[in-house]
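Working through the structure, step by step
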Amino acid sequence: SGYRPPVLGAEVSGQVEEEGLGSEVADDVITVLLADDHAILRSGLRLLLEAEDGLSVVAEAGDVPTAMRKVRGHRPRVLILDLNLPGASGLSAIPSILEASPDTRIVVLTMQNDPVFAREALSSGALGYVLKEAADTEVVAAVRSAAADQMYVNPGLGVRLATEGGGQIEQPTALSVRETEVL
């Protein structure tokens, strides 16, 4: 068994990566977990994010069950989540992810440009909603906003949200079971 160089975007195999033990980063660095079923998109996002000061991608997932396991193990500051993932809907997973890791902020990255999806994702607890068509210009700003507990919505979609269907986006006010336990 000779030396094999790491492959860009490949996941580190073994228990250390699974348990989140191999992801020690400085406190001022925003840790990010990428959850999208397309490996090429995850690789591109990793390159984009890691080229920025203060951002570190700690893990990747290609489906909802893996994303849940890695969120529990790594406790990233920000999860970039596709809505259309194998195993379960990213949209329906948002409340469970937030219950499992209340300090993780979620940025949805999707092709769904319908305000109904955006409103539902934001109402479920996501802090960001970025369209894949604009990911190269918006995802860094969305990650930094979410990490600072600020909402970020694709500007064109934000206008549609404000003008269609009442325009109200409310952040959830009820505490999760875990938040109640902590208090």
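The preceding data block contains the structure.
What counts and what doesn't
Residues numbered from 1 in each chain as written. Predicted model: local features only at pLDDT ≥ 70, side-chain atom pairs only at ≥ 80, totals over all residues. Heavy atoms only, no water. Axes fitted to C-alpha atoms, helices over the stretch in contact; angles between N-to-C directions. Helix = DSSP H or I, 4+ residues; strand = E, 2+ residues; numbered from the N terminus. Parallel < 35°, antiparallel > 145°, perpendicular 65-115°, else oblique. Left-handed = near helix turned anticlockwise from the far one by under 90°. Contact = heavy atoms within 4.5 Å. Nonpolar A, V, L, I, M, F, W, Y, C, P; charged D, E, K, R; others polar. Buried < 20%, exposed > 50% of the residue type's maximum accessible area, 1.4 Å probe, protein only. Pairing = 2+ DSSP bridges. Right-handed = clockwise from strand over helix to strand, strands pointing away.

**Examining the packing of helix H2 (residues 39–50) against helix H6 (residues 135–147)**
H6 packs onto H2 with a crossing angle of 60 degrees between their chain directions and a minimal axis gap of 10 Å. As the angle between them shows, H2 and H6 are arranged oblique. Seen along the crossing, H2 lies across H6 with a hand that is right-handed. Between H2 and H6, the contacting residues are Leu45, Leu48 and Leu49 on the first element and Ala135, Asp136, Val139, Val140 and Val143 on the second. Grouping the constituent residues of the contact of H2 with H6 by class yields 7 nonpolar, no polar and 1 charged.

**Quick notes on the pairing of strand S2 (residues 55–61)**
S2 sits mainly inside the fold: 7 of its 7 residues count as buried. In terms of strand pairing, strand S1 (residues 30–35) meets S2 through 6 bridges, oriented parallel. The residue of S2 that forms the bridge with isoleucine 30 is leucine 55. Assessed by its sense of winding, the connection that carries the chain from S1 through H2 to S2 is right-handed.

**Structural notes on the sheet that holds strand S3 (residues 78–81)**
Within a beta sheet, neighbouring strands are joined by backbone hydrogen bonds and run either parallel or antiparallel to one another. Read from one edge to the other, the open sheet built from 6 strands follows the order S2-S1-S3-S6-S7-S8, with strand pairing classed as parallel. The sheet terminates laterally at S2 and strand S8 (152–153), the two strands that pair on one side only. Along the sheet, H2 makes contact with S1, S2, S3 and strand S6 (105–110), crossing S2 at roughly 165 degrees.

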